[in-house]
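# Structural overview for review
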Amino acid sequence: MMFGANAGVRDEVGFLIVHQRYSDHLFPGTSVLHTRLRYALLIPWLYQSLRAKRPVPKDFAQAFVDLEHALIGRLQFKEGAGEPDGVIGGDVFPRAISQPPAYVYWTALAKWGLISTRPDGRPWSRSDMARLLAAGTKKSLLDDDDKPLETVAWPITGMIEAPPEWNGTGKLTLELSDPEREFLARKLRAVRSPTDPREPSLLSRLVGRPLSDVSHCWNDEILGVAGNETVRLKRAGQAAALSAIGRAIYAALVETLKEERDKRPQERAHREDLAKIIAEWGAPAAALDFAQFLDDVGHLPAPVEAALRETHAWVRSKAKDPLPLLGVYEKAEYSRKGDRARLANNQFGVDRRMEWQADKHGYAEPLHYRWGNVKRLLRDLEGVA
């Protein structure tokens, strides 16, 4: 979740792109959908099993889906057995899910070196993998670029062996064995910075460290081990603070318009929250070097950049009234939501504000850059040599 436990994924003004750009740089391969690290072994083992067994019929895409579905059942906690935490799809099994484990972890497998890249340097897709499996029996199969697949090396190599229970039908766990921890620690410590392959990524620097008490990834404890990422990480924290203020401004504006323009009396919850957010996050937000920030995150949609830039200037001026920012926030929201925008000065805006309930709208928090998920993944490697 992006802003608070009750907020759901909210991105009215477009700050999520900042979250994604910094997250992808600091923690390559990670996702907010990630739960436990052992999936980085379970998915390659599924492909290895499929390659070894060559099931009939040779619809390998469907055969993989079937194996993956069975894996969810073997991990699901039921009647006192199975894994109580982090099973993707475990709450709804045996119903199918739209984002199964291979979908959730696919980017990570390539970024972390569990699945090698294609000869042209691009990552293999899951449909490529099905065609590779089928190519072992049908020599005429081609990839998306019409290149023969039977001449391509199998992209999963050097994997640690699956445990003996893998080939059974009983329950499995998401806990890593010691050899698996050491194997995955080597893999993650080899993950390089996306912008400088000579340097380790921040993700790799954190392998083995105790992190459970670190509330933000830009805390002093993490800055102390960030090496060449220190300055960028500090800016990421300042940008996260600016986003929290922007989020609070948006809610305060909606609350104000509903009261003053629509004549619907409102509590002052989000207007008062804005003052609290500024008190907590105003100093780091004001300290952000905006030009360097843009160098970090690259091109942003013009309405989003304008909203961030004017919010930054507003914070540095120590202003209190957010109404002068209404125009730029209205444009940013409309560019994303069209007639669903709440700040719009038209009947659609009035209708959307009538639906808006201040007590259902989550209070502002900084961008988290997937820190909760990263900690959960790295918890399985805590203390590894």
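Conventions used here
Residues numbered from 1 in each chain as written. Predicted model: local features only at pLDDT ≥ 70, side-chain atom pairs only at ≥ 80, totals over all residues. Heavy atoms only, no water. Helix = DSSP H or I, 4+ residues; strand = E, 2+ residues; numbered from the N terminus. Buried < 20%, exposed > 50% of the residue type's maximum accessible area, 1.4 Å probe, protein only. Contact = heavy atoms within 4.5 Å. Areas by Shrake-Rupley, 256 points an atom, 1.4 Å probe, with all protein chains shown as cover. Lys, Arg positive; Asp, Glu negative; His and termini not counted. Charge placed at Lys NZ, Arg CZ, Asp CG, Glu CD. Phe/Tyr/Trp six-rings, centres within 6.5 Å; stacked < 30°, edge-to-face > 60°. Lys NZ or Arg CZ within 6 Å of the ring centre and 35° of its normal. Salt bridge = Lys/Arg side-chain N within 4 Å of Asp/Glu carboxyl O. Domains from an automatic or database assignment. Polar contact = N/O pair within 3.5 Å; in protein donor to acceptor, adjacent residues only side chain to side chain. Axes fitted to C-alpha atoms, helices over the stretch in contact; angles between N-to-C directions. Parallel < 35°, antiparallel > 145°, perpendicular 65-115°, else oblique. Nonpolar A, V, L, I, M, F, W, Y, C, P; charged D, E, K, R; others polar. Expected span 1.5 Å × (residues − 1). Patch = residues over 30% accessible without salt bridge, like charges linked within 9 Å, V, L, I, M, F, W, Y side chains within 5 Å. Core = buried A, V, L, I, M, F, W, Y, C linked by side-chain atoms within 4.5 Å.

### Topic: the overall build of the protein chain
Across its full length, the protein chain carries 15 helices and zero strands. Along the first, second and third principal axes, the C-alpha atoms of the protein chain reach 70 × 50 × 45 Å. Among the 385 residues that make up the protein chain, the fraction classed as buried is 51%. The contacts of the protein chain with a sequence gap of at least 6 include a subset with a gap of at least 24, amounting to 71%. Summed over all atoms, the accessible surface of the protein chain reaches about 18,300 Å², with 51% contributed by carbon and sulfur. Of the side-chain charges in the protein chain, 55 are positive and 52 negative, and the distance between the mean point of each set is 2 Å.

### Quick notes on the packing of aromatic side chains
For the structure on display, the rule yields ten aromatic pairs. Each ring, one from W218 and one from Y369, has its centre 6.1 Å from the other, and the planes form 75 degrees; the classification is edge-to-face. With a gap of 151 residues between them, W218 in the loop between α7 (202-205) and α8 (220-223) and Y369 in the loop between α14 (347-355) and α15 (371-379) connect regions that are remote in the sequence. The class of W218 is buried, set by a relative accessible area of 13%. Members of the aromatic cluster, connected to one another through ring pairs, are Y22, W218, W281, F290, F293 and Y369. Residue placement shows R118 over the ring face of W124; its charged tip is 5.6 Å from the ring centre.

### Here we look at the pattern of salt bridges
Counted by the stated rule, this structure contains 27 salt bridges. A salt bridge links R370 to D24, with the shortest nitrogen-to-oxygen separation between them at 2.7 Å. Here D24 lies in helix α1 (residues 16-26) and R370 lies in the loop between α14 and α15, a separation of 346 residues in the sequence. Looking at R370, the relative accessible area reads 7%, which means it is buried. Residue classification places D24 among the partly exposed residues on the basis of a relative accessible area of 41%. A single salt-bridge network, built from bridges that share partners, covers R36, E83, D85, E175, R376, R379 and D380.

### Points about the domain arrangement of the protein chain
Under the domain assignment used here, the protein chain contains domain 1 (29-165) and domain 2 (233-360). Just the C-alpha atoms count here: the centres of domain 1 and domain 2 sit 41 Å apart.

### A word on the environment of E175
Mapped onto the elements, E175 comes out in the loop between α5 (126-135) and α6 (178-189). Judged by relative accessible area, which is 44%, E175 ranks as partly exposed. Each C-alpha atom of the pair E175 and R36 lies 8.3 Å from the other, and the pair is 139 residues apart in sequence. Beyond its immediate stretch of four places on either side in the chain, E175 contacts R36, R38, E83 and E180. In terms of polar contacts, E175 uses its side chain to reach the side chain of R36, at 2.9 Å.

### As for the packing of helix α9 (residues 230-260) against helix α12 (residues 302-316)
Contact pair α9 / α12: the axes reach a minimum separation of 10 Å and the direction vectors enclose 95 degrees. Of the possible angle classes, the one that applies to α9 and α12 is roughly perpendicular. In contact with L242, I245, G246 and I249 of α9, α12 contributes L308, T311, H312, W314 and V315. A per-class count over the contact of α9 with α12 returns six nonpolar, three polar and no charged.

### Remarks on helix α2 (residues 39-53)
Helix length check: α2, at 15 residues, gives a terminal C-alpha distance of 21 Å against a target of 21 Å (1.5 Å per residue), a fit within 8%. Within α2 the residues assigned to the buried category are Y39, A40, L41, L42, I43, P44, W45, L46, Y47, S49 and L50. Contact partners of the buried residues in α2: α3 (60-75), α4 (101-111), α5 and α6. Residue R54 follows α2 closely and has a positive phi angle near 45 degrees.

### So, unusual backbone geometry
The step from F93 to P94 runs through a cis peptide bond, and the omega angle for that step is 20 degrees. Locating P94 in the fold gives a position in the loop between α3 and α4. One non-glycine residue, R370, lies in the positive phi region at around 65 degrees.

### Some details on a nonpolar patch on the surface
The grouping of V32, L33 and Y103 at the surface amounts to a nonpolar patch, some 250 Å² of accessible area in total. With respect to the helices and strands, the residue Y103 is situated in helix α4.

### With respect to the nonpolar core
Nonpolar side chains tend toward joint burial in soluble globular proteins. V18, F27, W112, F293, Y329 and Y369 are the most contacted members of the largest nonpolar core, which totals 113 residues. The leading source of residues in this core is α9, at 15 residues. When residues are assigned to domains, this core turns out to be shared by domain 1 (29-165) and domain 2 (233-360), each giving three or more. The residues touching Y329, leaving out its near neighbours within four places in the chain, are V13, F15, G246, I249, Y250, L253, A307, T311 and L343.

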